[in-house]
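One letter stands for each residue in the lines below.
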Amino acid sequence: MSYVVLARKYRPPNFEALVGQEHVVQALANALTQQRLHHAYLFTGTRGVGKTTISRILAKSLNCTGADGQGGITAHPCGVCNACRDIDAGRYIDYVELDAASNRGVDEISQLLDQAVYKPVVGRFKVYMIDEVHMLSNTAFNAMLKTLEEPPEYLKFVLATTDPQKVPPTVLSRCLQFNLRPMAPQTVQQHLGTVLENEHIASEPGALRLIARAARGSMRDALSLTDQAIAYGSGRLGEAGVRQMLGAVDRGHVVRMLDALAVADGAALVGAVDALRGLGLSAAGALDELAALAQQMAVAQAVPDALDETDPDTPQAHRLAALFAPDETQLIYSIAVHGRAELALAPDEYSGLVMVLLRLLAFRPKNAVPASAPVPAKVPAVATVATPPKTPAVAKATAMPAAAAPVAVTRVASSEPPPWMDAPFEDEVIDAAPASARAAHEREPVAYGAGEPSPSKAPAAFVPTALGTRWFEIVGELNAAGSISAFARELAMQAECIALDERATPIACTLRVERESLRASAPCEKLQAALAALLGRAVRLDLQAGVAADSPARREAEERARRQAQAEQIIHDDPLVRALMAQYKTARIVPGSIKPH
Ligand SMILES: [Zn+2]
């Protein structure tokens, strides 16, 4: 007896046996039971999800005469009457399957439609199934449209497509549309288990899980792969054999890559690729597995309970999820899937894989500190080398001043900050504007006045004054009280206090403010009211135009600059950093990459 491939042998003969498309089955079964039949159905979905199978079951349901020859339309075709058997065998004269991918012209459709005027030969209904209907030419669609508009009552159309976007709206609007879902890997795995048990073929759960994943939602593909695996494994399905057959990469390799990435260990990443190459494992398979694992990690981070706890990979996904921030996990996934597409362009697939892994390393956020990172207690700063040996790279450092925390961490990683990171010291740029404008003002005191700050020049020296200190205190209290609007706060921050009499009634306060927009009455009145509330007495605020030399904003910028310089000094003086710089001749600390915390 010849071997019948599993996909054909286990094609579901009825709705009950169909797995994974319960929503469609329910709707169709109800329609059949209540005899509320539409004349055209459109099934959409990727390959191998059951479009043709459902079409055949529908044709049987419409034409089944029952085991006793007396049956009518049913949601449970008997499977033994002539109609059921002939449709299953592909020889029922009133059921026609046309593949539009190979019969796209108007001739084939015209021939089919010409036959539509004749009543069914043996059955109750003629059923025309047109697969990949989006491939039809426009003329063919137009020819079909007329019949679709006024179909004879004995004629049913079943249209199927993997690409419903390409079906003209005039056709779509005349069909009852069902979207078939790609099958979940668990559904496929379970079904494979049942099939193999029936076939008395031993299998390891890991082997079925691999096939179920590789099938990407298509039951037909899963069954075909199972056929292959049975042949490959001489009648049994072991995980190792299936992995080899699929070119699938043991997840352990990918786990090691992520662990290396978590501690920014470039040498280990490159080593992992060498290991794959040595074993002859596919780079594409590694990236597939990396993307699959990143997807599980992302789920673990967002909805920890959603992962399948029976999957032996789940604990690993939870562990790795804790090592990366959610946005990093997204990036790992994205770089893995895009990198896979780029493999074909690489000189060879392993160098392509190395580049993808080094890209992941290059884009590691500079503040990322894995939970497991060792932190020596006595050293004020710790450096991690991310430069693969012999590879020239750029060093980048992040540090806290020792005063802020004794366990400060330096990360030395390659490349520029990733695009989602804040531009360094953005706020300083804003705060620097008045200071630089002051420099311009001091040179040309008469020309300056009404306008907004002039283009940036080198900032003048910062000279704190006693009044500035008092004003800084007052503004600090206003901010702490939170009772001040953003606009009035901006005025307070950008102003230099040049006169203050706290004994006078009302309190007299004169501020020098450069930006004309801040000298408008609204922020002035709001600040006046906030000051009065804070100081407990009425305040009269006078605003003068001019550059504020000692504003609270300027003081904050100076403080940040001081802490920055301190942090940079700590990094430059750090013995470990000095040792790294000596060891890697091309290493340098990227200017501006050191951030005080
Ligand atoms: Zn039947």
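Computed from a predicted model, the values in this text were never measured in an experiment.

1. Quick word on the packing of aromatic side chains
1) Next: The full count for this structure, using the stated rule, is three aromatic pairs.
2) Next: Centroid distance Phe 43 to Phe 178: 5.8 Å. Interplanar angle 40°. Geometry classified as tilted. Note that Phe 43 is positioned in strand S1 (residues 40–44) and Phe 178 in strand S5 (residues 176–179), a separation of 135 residues in sequence.
3) Next: The class for Phe 178 is buried, based on a relative accessible area of 11%.
4) Next: Centroid distance Tyr 128 to Phe 157: 6.0 Å. Interplanar angle 75°. Geometry classified as edge-to-face. You can see Tyr 128 sitting in strand S3 (residues 126–131) and its partner Phe 157 sitting in strand S4 (residues 155–161), a full 29 residues away along the chain. Take Tyr 128 and Phe 157: they sit in the same class, and that class is buried.
5) Next: Site record: aromatic cluster; members linked through ring pairs are Tyr 41, Phe 43 and Phe 178.

2. Looking at the coordination of the zinc ion
1) Next: Binding of the zinc ion to the protein goes through Cys 64 (SG), Cys 78 (SG), Cys 81 (SG) and Cys 84 (SG), at separations of 2.2 to 2.3 Å.
2) Next: Considering all four donor atoms around the zinc ion, the spread of angles at the metal, 98 to 121°, places the coordination shape in the tetrahedral class.

3. Observations regarding the sheet that holds S4
1) Next: Spatially, five strands are ordered S2-S3-S4-S1-S5 in an open sheet, and the strand pairing comes out parallel. A strand with exactly one partner marks an edge of an open sheet, and here the two such strands are strand S2 (95–99) and S5. Strand after strand, the sheet turns through a mean of 15° between neighbouring axes, direction not considered.
2) Next: In this structure, S2 lies alongside S3, joined through five bridges in parallel fashion. Paired with Asp 99 across the bridge in S3 is Asp 131.
3) Next: Running at roughly 165° to S3, helix H5 (residues 106–116) makes contact with S2, S3 and S4 of the sheet.

Rules of the game
Residues numbered from 1 in each chain as written. Predicted model: local features only at pLDDT ≥ 70, side-chain atom pairs only at ≥ 80, totals over all residues. Heavy atoms only, no water. Phe/Tyr/Trp six-rings, centres within 6.5 Å; stacked < 30°, edge-to-face > 60°. Helix = DSSP H or I, 4+ residues; strand = E, 2+ residues; numbered from the N terminus. Buried < 20%, exposed > 50% of the residue type's maximum accessible area, 1.4 Å probe, protein only. Donors = N, O, S within 2.8 Å, 3.2 Å for Na, K, Ca; no water. Tetrahedral: all angles 85-135°; square planar, octahedral: opposite > 155°, others 65-115°. Pairing = 2+ DSSP bridges. Axes fitted to C-alpha atoms, helices over the stretch in contact; angles between N-to-C directions. Contact = heavy atoms within 4.5 Å.

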